[in-house]
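Listed below are the residues making up each chain.
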Amino acid sequence: MLTKLQTKLIQWILEPLYRVKKHIPESVWRAVISFATFGIILIQFLNATGKLTRYLYAYIPFCLFLGLIILAGLSDRMKPVSFSPVLLVSWGGVTVCMLISGILVDSNVLADTLLWLVAFPVFFLVWGNRSFSDLIKPIINGIYLSFALFFLISIRSYPLNGTYYYSFFMNLNGLAMYMTAVSVAAITDIFSQEKFSARMLLADVILGASAAVAYYSASRASQVVLLISGCVGAVVFLIAKKETMGKKVLCYLLPAVLSLAILVPNTAVVINGANKAVVKFEKTWIKEEQKTPENPANPGNNQQIADKNTWEAIQSYNEERRKQGEGQDFDAFSTGRLDLWKTYLKEVGLLGNPASKVLTDANGKEIQKSAHNTLIQMAYEFGILAAVCFLIFNVVSGLKAVRLAYQKRLMDYSIFPVVVALAYGAYYLVEKILYPATSLLLLLYLVSQTAVFPKEMDSKAIEDMKAKQ
């Protein structure tokens, strides 16, 4: 039945669209993918600054940009894709629970349900017929472009003058998650190059700078996630390339480590030094002093710290937080998340709860509208069965991602699903990451399923891949 449905979709919709799309060169479509990725992140930037007052303002552009990426993947070789049964059933379980909850409990979730039920399955079908690198490389280019924009905005208007850094984000965890996604893209690029190149050098620089900003945000979760993703990714890389391990360490890992060692302490100097140069230029030539815009979420971030170097202040603050965490119980270390999880778990049922529902703690005080745990949040919003299915999907998908990377010897950007799964899997234990329109990390995780969702490669395909290497 699923094969017939895919066949009809290809014949009636996708093939007619391809006949229009084929008149535009593939190089242009690769640029379209990068542009669409950049557009999605730009909308997320606006949402992170509080400029978008309604979720719909992020959702509609996201759907349009995702549609462009799907359109770019259409080819004359489209055929039905055979999906992994366990992943198919668990994904289906999540979407059915979301649909039922949307119909019976809260209609506001139906918009995102359509993404899980229709948009991403079509995405998997279209890009499942293409080389994975044709999709991931342009997406990474779009992420790099967004990071360049972030850096320019930070240099112009948001220097580092505090003990922790927000830039233009209203929430430091949002900044940390974005930097984690950028670092994941850079790690993937580094481990996917055939030899040391200008692109690998660019990825090394972006990895060092994005990890630096994540460290400046003082987000413990981001620091732990990046450490796990980088170290485990490196282990998978060395195992897959064990025949030439020594050479790979020198060409791939050593430059990345050097970049981190140099840029983590010095990115603050670059941002602040460039900011002073820009301000001086404007005073000299524009004759009008431009004030640094205040971030209402962190007004102290714009205040100078007397007699203390910015980097020393950041180090001191992170060290102070580390010492504070020693000897604390988990609830104190996780800034009250354990009590928050208990409160949300008490409300978990079969059908979920409306977003407008107000939860209170033992003292009757209203608590924040986020469980800071994706599984608990999913169980709370869509029911316990949705969370169970999603957990199964994540575990099986992660295992398949490792197997795929080893089979392909990391060719065709096949390490991307591993690194993204590690980052998303670690982060979703301490944050709510449910909506791809406002979370780059979740979007990358769902995109990575394009390589994992189909059934495992047959033995002939594996031998052909090894022969090409």
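Computed from a predicted model, the values in this text were never measured in an experiment. (Residues numbered from 1 in each chain as written. Predicted model: local features only at pLDDT ≥ 70, side-chain atom pairs only at ≥ 80, totals over all residues. Heavy atoms only, no water.)

Further remarks concern the pattern of salt bridges. Oppositely charged side chains may form a pair once their charged atoms are brought near each other. This structure, assessed with the given rule, holds 8 salt bridges. Residue Asp 76 is joined to Arg 77 by a salt bridge in which the shortest nitrogen-to-oxygen separation is 3.7 Å. A salt bridge links Glu 347 to Lys 357, with the nearest nitrogen and oxygen atoms 2.7 Å apart. With Glu 347 in the loop between α13 (337-345) and α14 (374-382) and Lys 357 in the loop between α13 and α14, this residue pair connects regions lying 10 residues apart in the sequence. Of the residues examined, Lys 357 reaches a relative accessible area of 29% and is grouped as partly exposed. Linked by salt bridges that have partners in common, Lys 21, Glu 26, Arg 130 and Asp 134 make up one network. (Salt bridge = Lys/Arg side-chain N within 4 Å of Asp/Glu carboxyl O. Helix = DSSP H or I, 4+ residues; strand = E, 2+ residues; numbered from the N terminus. Buried < 20%, exposed > 50% of the residue type's maximum accessible area, 1.4 Å probe, protein only.)

Now for the packing of helix α4 (residues 85-104) against helix α5 (residues 110-127). Relative orientation of the contacting elements α4 and α5 amounts to 150°, with a least axis distance of 8 Å. Here α4 lies roughly antiparallel to α5, going by the angle between them. Judged by the twist between their axes, the crossing of α4 over α5 is left-handed. Note on element contacts: α5 touches α4 through Leu 110, Asp 112, Thr 113, Trp 116, Leu 117, Phe 120, Pro 121 and Phe 124, opposite Trp 91, Val 94, Thr 95, Met 98, Leu 99, Gly 102 and Ile 103. Looking at the contact of α4 with α5 residue by residue, the class counts come to 11 nonpolar, 3 polar and 1 charged. (Axes fitted to C-alpha atoms, helices over the stretch in contact; angles between N-to-C directions. Parallel < 35°, antiparallel > 145°, perpendicular 65-115°, else oblique. Left-handed = near helix turned anticlockwise from the far one by under 90°. Contact = heavy atoms within 4.5 Å. Nonpolar A, V, L, I, M, F, W, Y, C, P; charged D, E, K, R; others polar.)

Right, let's get into the side chain of Thr 188. Within the fold, Thr 188 resides in helix α7 (residues 172-192). A polar side-chain atom of Thr 188 sits 2.9 Å from the main-chain carbonyl oxygen of Val 184. Those residues within four positions of Thr 188 in sequence are excluded, and the remaining contacts are Ile 140, Tyr 413, Ile 415, Phe 416 and Val 419. (Polar contact = N/O pair within 3.5 Å; in protein donor to acceptor, adjacent residues only side chain to side chain.)

Further remarks concern the environment of Ala 203. For Ala 203, the position within the fold is in helix α8 (residues 198-216). In this structure Ala 203 comes out as buried when scored by relative accessible area, which is 0%. Taking the C-alpha atoms as reference, Ala 203 lies 7.3 Å from Ile 187; in sequence the two are 16 residues apart.

All right, on to unusual backbone geometry then. A negative phi holds for most residues other than glycine; trans holds for most peptide bonds. In the Ramachandran plot, Ser 167 falls in the positive-phi region, its phi being about 55° despite a non-glycine side chain. You can see Ser 167 is positioned in the loop between α6 (132-157) and α7.

Our next topic: the packing of aromatic side chains. Tallied over the entire structure, the rule returns 32 aromatic pairs. Between Tyr 55 and Tyr 59, the aromatic rings sit 6.1 Å apart at their centres with planes inclined by 40°, giving tilted as the arrangement. Ring geometry for Phe 168 versus Phe 169: centroids 5.1 Å apart, planes at 25°, classification stacked. Members of the aromatic cluster, connected to one another through ring pairs, are Phe 83, Trp 91, Trp 116, Phe 120, Phe 123, Phe 124, Phe 390, Phe 393, Tyr 424, Tyr 428, Tyr 445 and Phe 453. (Phe/Tyr/Trp six-rings, centres within 6.5 Å; stacked < 30°, edge-to-face > 60°.)

In this section: empty space enclosed by the protein. What the rule picks out here adds up to 1 cavity of 30 Å³ or more. Its volume calculated, the largest cavity comes out at about 50 Å³. Along its surface, the largest cavity is lined by Thr 37, Ile 40, Leu 66, Ile 69, Phe 123, Ile 139, Leu 440, Leu 443, Leu 444 and Val 447. The set of elements that each furnish at least two residues to the lining of the largest cavity consists of α2 (26-48), α3 (56-72) and α17 (440-452). A per-class count over the lining of the largest cavity returns 9 nonpolar, 1 polar and no charged. (1 Å grid on protein atoms, 1.4 Å probe; cavity = no way out; pocket = protein on both sides within 12 Å on 5 of 7 lines; lining within 4 Å. Points joined across faces, edges and corners; volume = space filled by probe spheres on them.)

This part takes up the state of the cysteines. All told, the structure shown has 0 disulfides when counted by the stated rule. In this model Cys 97 remains outside any disulfide bridge; the closest cysteine sulfur is found in Cys 389, 5.6 Å from its own. A relative accessible area of 13% places Cys 97 in the buried class. A relative accessible area of 19% means that Cys 389 is categorised as buried. (Disulfide = S-S within 2.5 Å.)

Counted as a void, the largest pocket has a volume near 1400 Å³. Mapped onto the lining of the largest pocket, the elements with two or more residues apiece are α2, α5, α7, α14 and α17. In terms of residue count, α2 provides more of the lining of the largest pocket than any other element does, 5 residues in total. Tallied by class, residues from the lining of the largest pocket come to 23 nonpolar, 15 polar and 8 charged.

Right, let's get into the environment of Asn 275. Mapped onto the elements of the fold, Asn 275 is located in helix α10 (residues 245-286). Asn 275 gets classed as buried once you look at its relative accessible area, which sits at 8%. Taking the C-alpha atoms as reference points, Asn 275 and Ile 155, separated by 120 residues in sequence, lie 4.9 Å from one another. Each residue touching Asn 275, except ones within four places of it in the same chain, is listed here: Ile 155, Arg 156, Ser 157 and Pro 159.

Looking at the chain, the pLDDT average stands at 85 and 84% of residues meet or exceed 70. Within the chain, helix α18 (residues 459-468) has the poorest average pLDDT of any element, 44, and α2 the best, 97. In the predicted structure, residues 299-308 sits below a pLDDT of 50 and forms 21 contacts with residues beyond four places in sequence or in another chain. Low pLDDT (under 50) marks residues 456-469, which in the prediction has 16 contacts with non-local residues, meaning those over four places away or in another chain. (pLDDT = per-residue confidence, 0-100.)

One way to put it is that α4 packs onto α14 with a least axis distance of 9 Å and a crossing angle of 45°. On the basis of their axis angle, the class for α4 and α14 is oblique. Of the residues in α14, those touching α4 at Val 94, Cys 97, Met 98 and Ser 101 are Met 378, Glu 381 and Phe 382.

By the largest-angle criterion, Ile 10 marks the main kink of helix α1 (residues 2-21), which is about 45°. Buried residues of α1: Gln 6, Ile 10, Leu 14, Tyr 18 and Lys 21, and no others. If you follow the buried residues of α1, they end up packed against α2, α3 and α5. (Bend = angle between axes of the 7 residues up to and from the residue.)

If you look at soluble globular proteins, the nonpolar side chains tend to sit buried side by side. Formed by 130 residues in total, the largest nonpolar core has its most connected members in Phe 120, Phe 123, Leu 135, Phe 147, Phe 150 and Tyr 178. Per element, the largest residue contribution to this core is 13 residues, and it comes from α7. When near neighbours in sequence (up to four residues on either side) are disregarded, Tyr 178 contacts Ile 41, Phe 45, Ile 143, Ser 146, Phe 147, Phe 150, Phe 169 and Leu 440. Judged by nonpolar contacts, the second largest core, of 8 residues, contains Trp 341, Tyr 344, Ile 376 and Tyr 380. (Core = buried A, V, L, I, M, F, W, Y, C linked by side-chain atoms within 4.5 Å.)

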